[in-house]
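# Structural features, examined
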Amino acid sequence: MGRTKDIMGLLTKGPFEMVGRAERTLVDVESVLCRVEDTFARTEATLDVVSTTLTTAAQTMVASRTTLAAVDERLAEVTTMTREAVALMEGTRALVNDLRAVMEKLAEQPVTGGIQR
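The notes below deal with the structure included here.

Cut-offs applied
Residues numbered from 1 in each chain as written. Predicted model: local features only at pLDDT ≥ 70, side-chain atom pairs only at ≥ 80, totals over all residues. Heavy atoms only, no water. Helix = DSSP H or I, 4+ residues; strand = E, 2+ residues; numbered from the N terminus. Buried < 20%, exposed > 50% of the residue type's maximum accessible area, 1.4 Å probe, protein only. Areas by Shrake-Rupley, 256 points an atom, 1.4 Å probe, with all protein chains shown as cover. Salt bridge = Lys/Arg side-chain N within 4 Å of Asp/Glu carboxyl O. Patch = residues over 30% accessible without salt bridge, like charges linked within 9 Å, V, L, I, M, F, W, Y side chains within 5 Å.

Moving on, we come to the overall build of the chain. The helix and strand inventory of the chain stands at two helices and zero strands. A buried classification covers 2% of the 117 residues belonging to the chain. Accessible area for the chain stands at about 11,100 Å²; split by element, carbon and sulfur atoms hold 65% of it.

Now the structure itself:
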């Protein structure tokens with residue numbers, strides 16, 4: 001019976017009041033739609049920024065991987081050159097030791113004769 005009372009109340013208020021209420025409702029709906037459009041526009045702008053940022057990040061990652069690969073190659077070359085340098089240094093040390101031994105043997109030899117011109 002409460003529903004019948006509500007319907008009867010609407011009918012007794014008259015068409016002008018109902019039209020006024022409908023106009024206010026339309027204004028409210030338009031306001032909400034404007035806010036929704038603004039929100040969508042801001043969301044779209046934010047998504048554009050995020051997309052650009054992600055694209056830049058992906059490009060940076062690719063460049064970083066390329067750079068790291070080049071660094072790895074250079075490190076391998078440096079490691080190889082370091083090993084070669086160590087081997088050369090050890091060989092030089094052995095030659096110096098051999099030269100010292102020869103010089104010690106020469107120093108033990110008696111000096112004979114003089115320098116002739």
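Attention now moves to the pattern of salt bridges. Taken as a whole and judged by the stated rule, the model has two salt bridges. Between Glu73 and Arg74 there is a salt bridge, and its shortest N-O distance comes to 3.4 Å. Residue Glu73 is classed as partly exposed on the basis of its relative accessible area of 48%. Relative accessible area serves as the criterion here: at 45%, Arg74 is assigned to the partly exposed category. One salt bridge in this structure joins Glu77 and Arg74, with 4.0 Å as the shortest N-O distance. On the criterion of helical spacing, the pair formed by Glu77 and Arg74 is a turn pair, its members being three residues apart in helix H2 (residues 15-108). By sharing partners, the salt bridges in this structure join Glu73, Arg74 and Glu77 into a single network.

There is a patch of nonpolar side chains on the surface, built from Val32, Val36 and Phe40 and spanning about 260 Å² of accessible area. The residue Val32 is located in helix H2 in this model.

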